[in-house]
Each structure stands twice: as structure tokens, then as C-alpha cells.
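Chain and residue survey
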Amino acid sequence: MSEPPSSAAPRSTLVLGGARSGKSTFAEDLAVRAGGPVRYLATAVPDPGDQDFAERIAGHRGRRPAGWSTVENADPAEILTAPTPPVFTLIDDIGTWLTARIDARDAWGAPRGTISPDTDALVAAVAAYTGDLVIVTPEVGMGVIPATRSGRLFRDEIGTLNQRLAQVCDEAFFVIAGLPVRLK
């Protein structure tokens, strides 16, 4: 098992993994180990009719320490570039953010790259952020090719975005079966 980062300098860390891999729990542990205040950017946009998703969100909320500040339905690019002092920030997760951006641009049937202004802004904000930062993102596309165009679009867009984020982050971990493996 790889050890989490130990540097005192501000670090950006990308945490990738599949569904229920333990990636969020690992990222939260990194934030706890850092000590001090944490700003949690929750990117999910709840659907009032989806009880299963509401329960998942509640589970994430229940794990967060009481002292953390949470920004719900967060736009990470906007928040990371706001003129405020840098603080330890945890973004969970890029997959729900990407889905919301594709929805907002009504881009599920549009050509690939339609959401490039959004992904470009996110990558630039991550690269420029001067505080500690942990980003949770799903790793998809490791098996079956999605049967739908929207599934293939998401797989392609998140794969490209994950590569770009990995390039600008100081370190990256892949979490599988609850075990983090250092990639970078």
C-alpha cells in the first residue's frame, strides 16, 4: 500500500478509482491527516426523484468532520480562482461535475469537445491554485464499451480530463478495493 503525501509545501493530488473503490474515503483521509480547516467542494446536483443518489450524498455528508466547510453544487473552477486565501480544498467529484456541465450545455448529443471551455477552465484553475488540493475523479473505460452515445461521450471526456488533471497535479493515486496505489 502506498503512503499518502507528507510534504509541507502545498500539493495537488488527484485520486482516481472506480465506483465504490474507496477513492472518496482515501481523499477524505488525506484531508484529515493534513490537519486544519478543510473546504469540501461537493459537485453533485441532487435529483429530488432519485432516492438512491440522495442516500449516497447523505453517506458522504455523514463522513465529513463537523469542522469542515462544505460548498454544495460547487463549480470548482470558479471557487479555486476566487480571490480568497488558499485553504485545503477537497473536490468530490469530477465525474458529477462533468455530468452537470454536459447537462448545462445540453451537449449529450453534441460533438466531442463542446465542453472544452469548462474543462479548460478547470484544468487552469487547478494548475494555478496555491493551496493544498485533493481531487476525486472516477476512472472509467477499463472494460466494456458503453452501448450508448452518451456513455461513450462521458467515458471519452472524463478520460481526457483525467489525463489533463494528472499532468498538472503534483501526485496521483489510483484506489482499487480500498487500496491506494501511487501513480505519480
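Residues numbered from 1 in each chain as written. Predicted model: local features only at pLDDT ≥ 70, side-chain atom pairs only at ≥ 80, totals over all residues. Heavy atoms only, no water.

Structural notes on the packing of helix α4 (residues 94–104) against helix α6 (residues 149–168)
It is at 11 Å that the axes of α4 and α6 come closest, and there the two elements cross at 125 degrees. In terms of their interaxial angle, α4 and α6 are classed as oblique. Regarding α4 and α6, the two cross each other, and that crossing is right-handed. Here Ile 94, Gly 95, Trp 97, Leu 98, Thr 99 and Ile 102 of α4 lie close against α6, whose contacting residues are Leu 153, Phe 154, Glu 157, Ile 158, Leu 161 and Leu 165. Residue classes in the contact of α4 with α6 are distributed as nine nonpolar, two polar and one charged. (Axes fitted to C-alpha atoms, helices over the stretch in contact; angles between N-to-C directions. Helix = DSSP H or I, 4+ residues; strand = E, 2+ residues; numbered from the N terminus. Parallel < 35°, antiparallel > 145°, perpendicular 65-115°, else oblique. Left-handed = near helix turned anticlockwise from the far one by under 90°. Contact = heavy atoms within 4.5 Å. Nonpolar A, V, L, I, M, F, W, Y, C, P; charged D, E, K, R; others polar.)

Things to note about a nonpolar patch on the surface
There is a patch of nonpolar side chains on the surface, built from Ile 176, Val 181 and Leu 183 and spanning about 260 Å² of accessible area. With respect to the helices and strands, Ile 176 occurs in strand β6 (residues 171–176). (Patch = residues over 30% accessible without salt bridge, like charges linked within 9 Å, V, L, I, M, F, W, Y side chains within 5 Å. Areas by Shrake-Rupley, 256 points an atom, 1.4 Å probe, with all protein chains shown as cover. Salt bridge = Lys/Arg side-chain N within 4 Å of Asp/Glu carboxyl O.)

Section: the pattern of salt bridges
Going through the model one piece at a time under the given rule, you end up with eleven salt bridges. Where Arg 33 meets Asp 29, a salt bridge forms, and the shortest distance between an N and an O atom there is 2.9 Å. Separated by four residues within a single helix, Arg 33 and Asp 29 lie in helix α1 (residues 23–34), roughly one turn from each other. Residue classification places Asp 29 among the partly exposed residues on the basis of a relative accessible area of 30%. Arg 155 is the salt-bridge partner of Asp 156, the closest N and O atoms lying 2.9 Å from each other. On the accessibility criterion, Asp 156 (26% relative accessible area) is partly exposed. Accessibility expressed as a relative area gives 22% for Arg 155, which makes it partly exposed. (Buried < 20%, exposed > 50% of the residue type's maximum accessible area, 1.4 Å probe, protein only.)

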